[in-house]
Amino acid sequence: GAVVSQHPSWVICKSGTSVKIECRSLDFQATTMFWYRQFPKQSLMLMATSNEGSKATYEQGVEKDKFLINHASLTLSTLTVTSAHPEDSSFYICSTVGRGGQETQYFGPGTRLLVL
Amino acid sequence: QKEVEQNSGPLSVPEGAIASLNCTYSDRGSQSFFWYRQYSGKSPELIMFIYSNGDKEDGRFTAQLNKASQYVSLLIRDSQPSDSATYLCAVSRDNAGNMLTFGGGTRLMVKP
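This one's a predicted model, so the numbers in the text were calculated from it and none came from an experiment. (Residues numbered from 1 in each chain as written. Chains lettered and ligands numbered in written order. Predicted model: local features only at pLDDT ≥ 70, side-chain atom pairs only at ≥ 80, totals over all residues. Heavy atoms only, no water.)

## Section: the state of the cysteines
Argument step 1. A full pass over the atoms with the stated rule returns 2 disulfides over all chains.
Argument step 2. With a sulfur-sulfur separation of 2.1 Å, Cys23 of chain B is cross-linked through a disulfide to Cys89 of chain B. Between Cys23 of chain B and Cys89 of chain B, the S-S torsion sits near -70°, and that sign places the bridge as left-handed. With Cys23 of chain B in strand β3 (residues 19–25) and Cys89 of chain B in strand β9 (residues 85–92), the pair connects residues that are 66 residues apart, well separated along the chain.
Argument step 3. On the basis of relative accessible area, Cys23 of chain B is assigned to the buried category, the value being 1%.
Argument step 4. The thiol of Cys13 of chain A is not disulfide-bonded; the next cysteine sulfur, from Cys94 of chain A, is found 18 Å away. (Disulfide = S-S within 2.5 Å. Helix = DSSP H or I, 4+ residues; strand = E, 2+ residues; numbered from the N terminus. Buried < 20%, exposed > 50% of the residue type's maximum accessible area, 1.4 Å probe, protein only.)

So, in structure tokens, the structure goes:
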């Protein structure tokens, strides 16, 4: 499998501020990480695919200038929500594909963002 | 039509019974299929994955895949109250676990 951590686990911020969320792969080097968003009572929606050393690939409808992704190392990807607004309040979850022949995604614990 | 469809539930079963969760998908090019469990306020955790038609068993869980019918299911035997959660079906176009598309999830309630 894979062990993935996220920080912070929750954050409350004022509208207009920027928030950075970190996603770390703790037990192996991840060339690819994924960022999802989940609104209450809805399923996970893929926002972007984060590739180490290159630009992230964003899903249709996700503003790349608003959701900045940096994957500068094989163990760390960051998502920055710029100029956050109340509608950005959500549960943000990162994942990475595990190793060992079992190509499945393992998820971090998630970061709950509340924008006031 | 949604790409991955699940009955939202709640599906209520008594303790010890078999819970049957169903999922249909629209993309015939889908290669790999996953079941995740998500407790309220938590992130998803992998239960099982299946690539080939037929059944795959792991403990109390059995995944069933029928690519011709574009249907995948999860059976939970001897259901326990701790199994109460939302079960997410996810499909991928490759065998590398990338680009998952999730269904809306089925909420399962196991009553003591």
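So that's the structure; there's more coming.
## What to know about the confidence of the model for chain A
Argument step 1. Overall, the predicted model of chain A reaches an average pLDDT of 90, with 93% of residues at or above 70.
Argument step 2. Mean pLDDT across the elements of chain A bottoms out in strand β10 (residues 105–107) of chain A (86) and peaks in strand β11 (residues 111–115) of chain A (97). (pLDDT = per-residue confidence, 0-100.)

## Structural notes on the interface of chain B and chain A
Argument step 1. Contacts between the two partners involve 20 residues from chain B and, on the opposite side, 21 residues from chain A.
Argument step 2. Of the roughly 1500 Å² buried at the junction of chain B and chain A (both faces included), carbon and sulfur atoms supply 58%.
Argument step 3. Broken down residue by residue, the surface that chain B buries against chain A is led by Ser43, Met99 and Phe102 of chain B, which jointly contribute 28%.
Argument step 4. Here chain B is connected to chain A by 0 salt bridges.
Argument step 5. For the interface between chain B and chain A, the tally reads 4 residue pairs in polar contact (both at pLDDT 80 or more).
Argument step 6. Considering each element in turn, the side of chain B that touches chain A owes the most residues, 3 residues, to strand β4 (residues 32–38) of chain B.
Argument step 7. Partitioning the side of chain B that touches chain A into residue classes produces 11 nonpolar, 8 polar and 1 charged. (Contact = heavy atoms within 4.5 Å. Buried area = accessible area lost by both parts, 1.4 Å probe. Salt bridge = Lys/Arg side-chain N within 4 Å of Asp/Glu carboxyl O. Polar contact = N/O pair within 3.5 Å; in protein donor to acceptor, adjacent residues only side chain to side chain. Nonpolar A, V, L, I, M, F, W, Y, C, P; charged D, E, K, R; others polar.)

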